[in-house]
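# A look at the structure
Spelled out from the first residue to the last, the chains are:
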Amino acid sequence: MFRFIKPNGVMGINKRNRTLIYPNNQRKHYKLADDKVECKQILHKHGIACAETYAVIHKHSEIKRSWQNCQQYDALAIKPANGCGGDGILILRKKQGEWVGSGKVFADADVKRHIANIITGMYSMRSEDRCLIEACIVPHEFFGSIYKEGVPDFRVITLKGVPIMAMLRMPTSKSNGKANLHQKGVGIGVDMATGKLTQVYDGSSYSDNHPDNTRCVKGMDVPYWEDLYALSIATAKIFPLGYLGIDIVIDQELGPQIMEVNVRPGLGIQLVNKMGLQAAIDAQPKLNTL
């Protein structure tokens, strides 16, 4: 492990809010990113590559029929529309006729109970929510060469439609299949100019390999990098939000797919890349007036 290094020019929450979020994101538009259902509607409307929507459940009375309609699929993701940090997300796959997720078997009653909890706002800190059920992404084999479990994704930060920073978020044996950094996943820096991976950051120190795999990841080429980069630009253009965190996963067959859009992306990406947001902005000629 390498010693922890705090990069120069790191923005804290207050500075990020003052210089990036408030000037570029009007509060009235926050819900377009915060609400996964509204976000998906915009993505579908503009033909942006993303997972197919199987069902949107608004009320308890809709659970039984909607879940019955989903029995035709072999894999799916169940998400709270207004959840955050990966809470409440359930990835299920059929194995020998049973739904399995996170190493456990889920009976129909278990799934319906989870959907009911989503609707009552358990994962979104509100009195009610909607449940989104969508196609399950099959991660590209590239991810499996680093770590085989869970669904990893790329977080790309865009400012006024320009990608300025990116990282690969990977699950670990301690993260229960989640790629989120605050849930014990790891971040891997991405060189924006080349699309190559850099160092792995586990929240306290750096290394050249995933904590559950001795293979060196530094210098690995991100597959579909040019497509992924272009997809982040296309996505940023269709939202009336100038500062975004765009989450993208690479499907084995379909290539880059948008997972969700964040209006207040976390600041850990700076430590992952050993670069502050201001330095990333300064490195972009189109944005050097900020």
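Refer to the preceding data block for the structure.
Scope of this entry: the structure provided in the associated data block. (Residues numbered from 1 in each chain as written. Predicted model: local features only at pLDDT ≥ 70, side-chain atom pairs only at ≥ 80, totals over all residues. Heavy atoms only, no water.)

As a general point, the strands of a sheet are linked pairwise by backbone hydrogen bonds and lie either parallel or antiparallel. Across the sheet, six strands lie side by side as β1-β6-β2-β3-β4-β5; this open sheet has antiparallel pairing. The sheet is open, and its two borders are formed by β1 (53-57) and β5 (104-106), each paired with just one other strand. Going across the sheet, the axis of each strand differs from the next one's by a mean of 30 degrees, ignoring polarity. Bridge count between strand β2 (residues 75-80) and strand β6 (residues 131-135): five bridges; the pairing is antiparallel. By the bridge assignment, isoleucine 78 is partnered in β6 with isoleucine 133. Helix α3 (residues 36-45) contacts β1, β2 and β6 of the sheet and is inclined by roughly 40 degrees relative to β6. Against the sheet, helix α5 (residues 108-119) touches β1, β2, β3 (90-95), β4 (98-101), β5 and β6, its axis set at about 30 degrees to β2. (Pairing = 2+ DSSP bridges. Helix = DSSP H or I, 4+ residues; strand = E, 2+ residues; numbered from the N terminus. Axes fitted to C-alpha atoms, helices over the stretch in contact; angles between N-to-C directions. Contact = heavy atoms within 4.5 Å.)

Next up on the list: the state of the cysteines. Inspection of the entire model under this criterion finds zero disulfides. Cysteine 131 carries a free sulfur, and the closest cysteine sulfur to it, the one in cysteine 70, is 8.6 Å from it. With no disulfide partner, cysteine 136 has as its closest neighbouring cysteine sulfur the one in cysteine 70, 13 Å distant. What makes cysteine 136 buried here is its relative accessible area of 14%. (Disulfide = S-S within 2.5 Å. Buried < 20%, exposed > 50% of the residue type's maximum accessible area, 1.4 Å probe, protein only.)

On inspection of all chains with the given rule, the structure shows six aromatic pairs. The interplanar angle of 5 degrees and the centroid separation of 3.5 Å between the aromatic rings of tyrosine 54 and tyrosine 73 together place this pair among those described as stacked. One end of the pair, tyrosine 54, is in strand β1; the other, tyrosine 73, is in the loop between α4 (63-69) and β2, with 19 residues separating them in the sequence. Measuring from ring centre to ring centre gives 6.0 Å for phenylalanine 143 and phenylalanine 154, while their planes differ by 50 degrees; the resulting arrangement is tilted. In this pair, phenylalanine 143 sits in helix α6 (residues 141-144) while phenylalanine 154 sits in strand β7 (residues 153-159), placing the two residues eleven residues apart along the sequence. Taking relative accessible area as the criterion, phenylalanine 143 reaches 1% and is therefore assigned buried. Classification of phenylalanine 154 as buried rests on a relative accessible area of 0%. Lying over the aromatic face of tyrosine 206, lysine 274 brings its terminal NZ or CZ to 4.5 Å of the ring centre. (Phe/Tyr/Trp six-rings, centres within 6.5 Å; stacked < 30°, edge-to-face > 60°. Lys NZ or Arg CZ within 6 Å of the ring centre and 35° of its normal.)

A word on the nonpolar core. Ranked by internal contacts, the top residues of the largest apolar core, which has 59 residues, are Ile146, Phe154, Ile164, Leu168, Leu197, Phe239 and Leu277. In this structure isoleucine 164 touches Ile157, Leu159, Met192, Leu277, Ala280, Ile281, Gln284 and Leu287, once residues within four positions along its chain are discounted. With 18 residues, the next largest nonpolar core counts Cys70, Leu90, Phe106 and Ile133 among its residues. (Core = buried A, V, L, I, M, F, W, Y, C linked by side-chain atoms within 4.5 Å.)

This next bit is on the pattern of salt bridges. Inspection of every chain in the model, using the stated rule, returns ten salt bridges. In this structure, glutamate 260 and lysine 36 form a salt bridge, with 3.9 Å as the shortest nitrogen-oxygen distance. Residue glutamate 260 is located in strand β13 (residues 255-262), and its partner lysine 36 is located in helix α3; the two are separated by 224 residues in the primary sequence. Note on accessibility: glutamate 260 and lysine 36 belong to one class, buried. The network of salt bridges with common partners includes Asp153, Arg155, Arg169 and Asp247. (Salt bridge = Lys/Arg side-chain N within 4 Å of Asp/Glu carboxyl O.)

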